[in-house]
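Fold and geometry: a report
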2 protein chains.
Amino acid sequence: IALVQLGQPCVCLPPLRAAAEQLRQKDLRISQLQADLRRPPPAPAQPPEPEALPTIYVVTPTYARLVQKAELVQPSQTLSLVPRLQWLLVEDAEGPTPLVSGLLAASGLLFTHLAVLSHKAQRLWPRGVEQRNRALDWGAVGGEKDPPPPGTRGVMYFADNDNTYSRKLFEEMRWTCGVSVWPVGLVGGLQFEGPRIQDGRVVGFHTAWEPNRPFPVDMAGFAVALSLLLAKPNSRFDATAPWGHLESSLLSHLVDPKDLEPRAANCTRVLVWHTRTEKPKMKQEEQLQRGGRGSDPAVEV
Amino acid sequence: IALVQLGQPCVCLPPLRAAAEQLRQKDLRISQLQADLRRPPPAPAQPPEPEALPTIYVVTPTYARLVQKAELVQPSQTLSLVPRLQWLLVEDAEGPTPLVSGLLAASGLLFTHLAVLSHKAQRLWPRGVEQRNRALDWGAVGGEKDPPPPGTRGVMYFADNDNTYSRKLFEEMRWTCGVSVWPVGLVGGLQFEGPRIQDGRVVGFHTAWEPNRPFPVDMAGFAVALSLLLAKPNSRFDATAPWGHLESSLLSHLVDPKDLEPRAANCTRVLVWHTRTEKPKMKQEEQLQRGGRGSDPAVEV
């Protein structure tokens, strides 16, 4: 038996108080953790918006004919596989036509629809010159229909609508500083035409026809940085250039052949083919039409 | 001052013990909550796999020639835009070739690579019969190379590689019960050929050539439900059928013309065009090769 002085705190009280404080702290921690658990999980890391990717401006001249729609559906679907791409479709017409407008609207592509009627003399050859020059105006000088905003990084490519394009081609050209080049299959009577490369530099061209042209390359075989077009705003295709010199007429304004930038594994891979579509024969159509039984003109072909 | 009997527990001890037990419980709760927080968040809800969509089996015969690769790159890119699609590429060759194998591997498509060498007499015309029949065997009878598992819902379409296909065509054919049909552009000397529809049924065909053929439709103008091929496992294209009767030679096994299922807005929309690719001329290639300066054969074109 011991004497304990009443009024004096019991020796157990400090640990009891400490325990109560610890309990309070732990309750606080528990409610914090519960709040953390209720919080929605952070959004999964998204790939960054490809804002940094230079835009590819693909220029395609087009004119009314039987295969026009088929030959625009094809590239429109190929281009839809490529990110950060804008299609500049330039009609050889007085203004935009319903067929092309409808096709562009349904394509899901980012596009600019331009139109310029060729001079009569150029409706057969060389086709598409004024249309491509209209696109050059659009890119370099600015003007009608929302040209690229100042400072836009990009590259311009002249893609006729009957060639065959691998989707991989477009990634080859995206990071072009000046003018990039690569081989083109089934062109100029050859399996392929293309730059010859030594130590990563263009030292010549594999071509059968006029190898001494300044730039013996096909329209489908090069792309030009937008910044270079802006720096040389008067660069144009020359409709009066001799046959096979149309590409040279533009490129001579822009670059020295030795500064061409080889792409497609040092120009050893063919990613574009100069395929050509046969003109369809309409003999039966004419016969049926004479009998009033032609194809329903309300059906767009 | 009070007397306390030594050896008796202090009145404070039970609450102290209770507090210690509560602290232990709360530590346990805290470590549970911390474990919960460390657990990775549940995967975000994914859209359900489109298992319910019938598969589209696209059959394309192919043979070695200059434009072979270009003419396979083109449809491979179009088909890559279509979900639940399997490409049956059937080579006219003794076995799979490296060019086609490489192209398929790089395509990102679900594919089956088959090969059957045509009889010599059929290498010019009608092309592709044995290759299409090999695909019919694959779909209906089973056999080599993972045929579709029993009960697979699907549709088979014979897509030659030079036609132009809108991606929209494939959604038209996906839900075919027996045989579905639609117009084909730029074929048979007409703007388009196609079924004539009345009250939603096929009542005839717009065609100029032999309109009394049982099925005056182009190879690109119909698709067949896999279940129908399974029900009629002996249905084949007949290589000895007269010109223009190849499609009829298969379809006569399968369906009555009045039961054809019209698609593409009652056959008023053209979503496939019978475009043809010109054979490239290789005159310059031959000249250069005679001088030992031909195109590098190591470059695949």
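Residues numbered from 1 in each chain as written. Chains lettered and ligands numbered in written order. Predicted model: local features only at pLDDT ≥ 70, side-chain atom pairs only at ≥ 80, totals over all residues. Heavy atoms only, no water.

1. Regarding the relation of the copies chain A and chain B
Mapping one chain copy onto the other needs a rotation about an axis and a shift along that axis. Superposition record for chain A on chain B: RMSD 2.9 Å, screw rotation 178°, translation along axis 0.3 Å. These values place the two chain copies in the arrangement generated by a two-fold rotation axis. (Least-squares fit on C-alpha atoms with pLDDT ≥ 70 in both.)

2. Comments concerning unusual backbone geometry
Phi at A:Ala265 takes a positive value of approximately 50°, unusual for a residue other than glycine. Even without being glycine, B:Asp199 reaches a positive phi, approximately 50°. One can find B:Asp199 in the loop between strand E9 (192-198) and strand E10 (201-206). Relative accessible area serves as the criterion here: at 79%, B:Asp199 is assigned to the exposed category. (Helix = DSSP H or I, 4+ residues; strand = E, 2+ residues; numbered from the N terminus. Buried < 20%, exposed > 50% of the residue type's maximum accessible area, 1.4 Å probe, protein only.)

3. Description of the UniProt feature "glycosylation site" (unreviewed entry) in chain A
All names here are of chain A. Under the feature "glycosylation site" (unreviewed entry), the UniProt entry names Asn266. Position of Asn266 relative to the elements: it lies in helix H8 (residues 264-267). The exposure class assigned to Asn266 is partly exposed, which follows from its relative accessible area of 42%. Residue contacts for Asn266: discarding those within four places in its chain leaves Ile197 and Gly200. (UniProt positions renumbered as here; feature names shortened; annotations may be inferred. Contact = heavy atoms within 4.5 Å.)

4. Brief notes about the pattern of salt bridges
Taken as a whole and assessed by the stated rule, the structure comprises 26 salt bridges over all chains. Across the pair B:Glu278 and A:Arg276 runs a salt bridge whose closest N-O atoms are separated by 3.3 Å. Placement of the pair is B:Glu278 in the loop between strand E13 (272-273) and helix H9 (283-290) and A:Arg276 in the loop between strand E13 (272-273) and helix H9 (283-290), with the two residues belonging to separate chains. Given a relative accessible area of 42%, A:Arg276 falls into the partly exposed group. (Salt bridge = Lys/Arg side-chain N within 4 Å of Asp/Glu carboxyl O.)

5. Examining the UniProt feature "binding site: Mn(2+)" (unreviewed entry) in chain A
All names here are of chain A. Within the UniProt annotation, "binding site: Mn(2+)" (unreviewed entry) is assigned to Asp162. In this structure, Asp162 sits in the loop between strand E5 (154-158) and strand E6 (164-165). Other than its neighbours up to four places away in sequence, Asp162 contacts Glu71, Thr275, Arg276 and Thr277.

6. Some remarks on the packing of aromatic side chains
Residues and elements named next belong to chain A. What the rule picks out here adds up to 16 aromatic pairs over all chains. Joined through ring pairs, the aromatic side chains of Tyr157, Tyr165, Phe170 and Trp182 make up one cluster. A cation over an aromatic ring shows up here: Arg132 above the ring of Phe237, its NZ or CZ 6.0 Å from the ring centre. (Phe/Tyr/Trp six-rings, centres within 6.5 Å; stacked < 30°, edge-to-face > 60°. Lys NZ or Arg CZ within 6 Å of the ring centre and 35° of its normal.)

7. Focus on the packing of helix H1 (residues 13-38) of chain A against helix H1 (residues 13-38) of chain B
Where H1(A) meets H1(B), the closest approach of the two axes is 9 Å, and the angle between their N-to-C directions is 20°. Here H1(A) lies roughly parallel to H1(B), going by the angle between them. Viewed along their axes, H1(A) and H1(B) form a crossing whose handedness is left-handed. (Axes fitted to C-alpha atoms, helices over the stretch in contact; angles between N-to-C directions. Parallel < 35°, antiparallel > 145°, perpendicular 65-115°, else oblique. Left-handed = near helix turned anticlockwise from the far one by under 90°.)

8. Thoughts on the sheet that holds strand E2 (residues 55-62) of chain A
To summarise the sheet geometry, strands pair through backbone hydrogen bonds and adopt either a parallel or an antiparallel arrangement. Residue and element names in this part refer to chain A. Reading across the sheet, the seven strands line up as E4-E3-E2-E5-E11-E7-E12 and stay open at both edges, with mixed pairing between neighbours. Each edge of the open sheet is held by one strand with a lone partner, namely strand E4 (110-115) and strand E12 (261-262). Pairing between strand E3 (residues 85-91) and E4: six bridges, direction parallel. Bridge pairing in E4 links Leu89 to His113. (Pairing = 2+ DSSP bridges.)

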